[in-house]
Amino acid sequence: ETGVTQTPRHLVMGMTNKKSLKCEQHLGHNAMYWYKQSAKKPLELMFVYSLEERVENNSVPSRFSPECPNSSHLFLHLHTLQPEDSALYLCASSRDRTSGYNEQFFGPGTRLTVL
Amino acid sequence: GNSVTQMEGPVTLSEEAFLTINCTYTATGYPSLFWYVQYPGEGLQLLLKATKADDKGSNKGFEATYRKETTSFHLEKGSVQVSDSAVYFCALTEYNFNKFYFGSGTKLNVKP
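Below you will find a few notes about this structure. Just so it is clear, the structure is predicted and the values come from calculations on it, not from any experiment.

**As for the overall build of chain A**
Okay, so step 1: Of regular secondary structure, chain A possesses 0 helices and 11 strands.
Okay, so step 2: Mapped from its N terminus to its C terminus, chain A presents α and β elements in the order β-β-β-β-β-β-β-β-β-β-β.
Okay, so step 3: Over its C-alpha atoms chain A spans a radius of gyration of 14 Å, differing by no more than 12% from the 13 Å that the globule rule assigns to 115 residues.
Okay, so step 4: Sequence-distant contacts, at least 24 apart, represent 53% of the contacts inside chain A between residues at least 6 apart.
Okay, so step 5: In the form shown here, chain A has an accessible surface area of approximately 5400 Å², with 48% of it arising from carbon and sulfur atoms.
Okay, so step 6: Charge-centre separation for chain A: the mean point of 12 positive side chains lies 8 Å from the mean point of 11 negative side chains.

So this is what it looks like as structure tokens:
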């Protein structure tokens, strides 16, 4: 595997379910990100992790819970979601904040539908 | 604060037409500028970048020049193909920061 991978690619869940999204990067990066992409809305940054420490949380509802067990893996745990949470969830990684200009590398996304 | 504004789409062109997608930015420091492309059903891919004023980024026939005087980074291509149909995002980040600021995206439709 190369680059940034995300699983599952598609997920349908009810509002009472608990599920998790997984992201893995094979680039040796130290920073990882979750974004939400909704139709006709700008890309929304949700969480930023640098060296496994959460450095940013953009007022995301508590029904989204991130976890970064090591620099290669990032999870987004989901529980009691709402239909408006249906979106494409994108994971990205970059080298780290102390390496100057860091382009972000994106995974293919998980298409989430909440019924 | 930092922000990116890009032209609203969709932009519809015929094959071999000239493409311009406008992007302007606001930044507190000295940003790097990027264009990302998102093909249907996929994540964002870096298309090109420029890290300082007057730099020109180029890739796959696309070009953009970092214009500090007009705070712009317009994307251009001389002859588009059907395979260029995608959503294009302008973005900026600043030195020693993890955070990217993305524009809202411009959808390009190229017809044969």
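**Quick look at the layout of surface pockets**
Okay, so step 1: Estimates place the volume of the largest pocket at around 710 Å³.
Okay, so step 2: If you go around the largest pocket, you meet 29 residues; those closest to its centre are Gln37(A), Ala39(A), Gln38(B), Val87(B) and Phe89(B).
Okay, so step 3: Only β10 (86-94) and β12 (106-111) of chain B provide two or more residues apiece to the lining of the largest pocket.
Okay, so step 4: For the lining of the largest pocket, the element with the highest residue contribution is β12(B), accounting for 4 residues.
Okay, so step 5: For the lining of the largest pocket, the residue count by class is 11 nonpolar, 12 polar and 6 charged.

Each value, and the rule that gives it
Residues numbered from 1 in each chain as written. Chains lettered and ligands numbered in written order. Predicted model: local features only at pLDDT ≥ 70, side-chain atom pairs only at ≥ 80, totals over all residues. Heavy atoms only, no water. Helix = DSSP H or I, 4+ residues; strand = E, 2+ residues; numbered from the N terminus. Rg over C-alpha atoms; globule rule 2.2 N^0.38 Å. Contact = heavy atoms within 4.5 Å. Areas by Shrake-Rupley, 256 points an atom, 1.4 Å probe, with all protein chains shown as cover. Lys, Arg positive; Asp, Glu negative; His and termini not counted. Charge placed at Lys NZ, Arg CZ, Asp CG, Glu CD. 1 Å grid on protein atoms, 1.4 Å probe; cavity = no way out; pocket = protein on both sides within 12 Å on 5 of 7 lines; lining within 4 Å. Points joined across faces, edges and corners; volume = space filled by probe spheres on them. Nonpolar A, V, L, I, M, F, W, Y, C, P; charged D, E, K, R; others polar.

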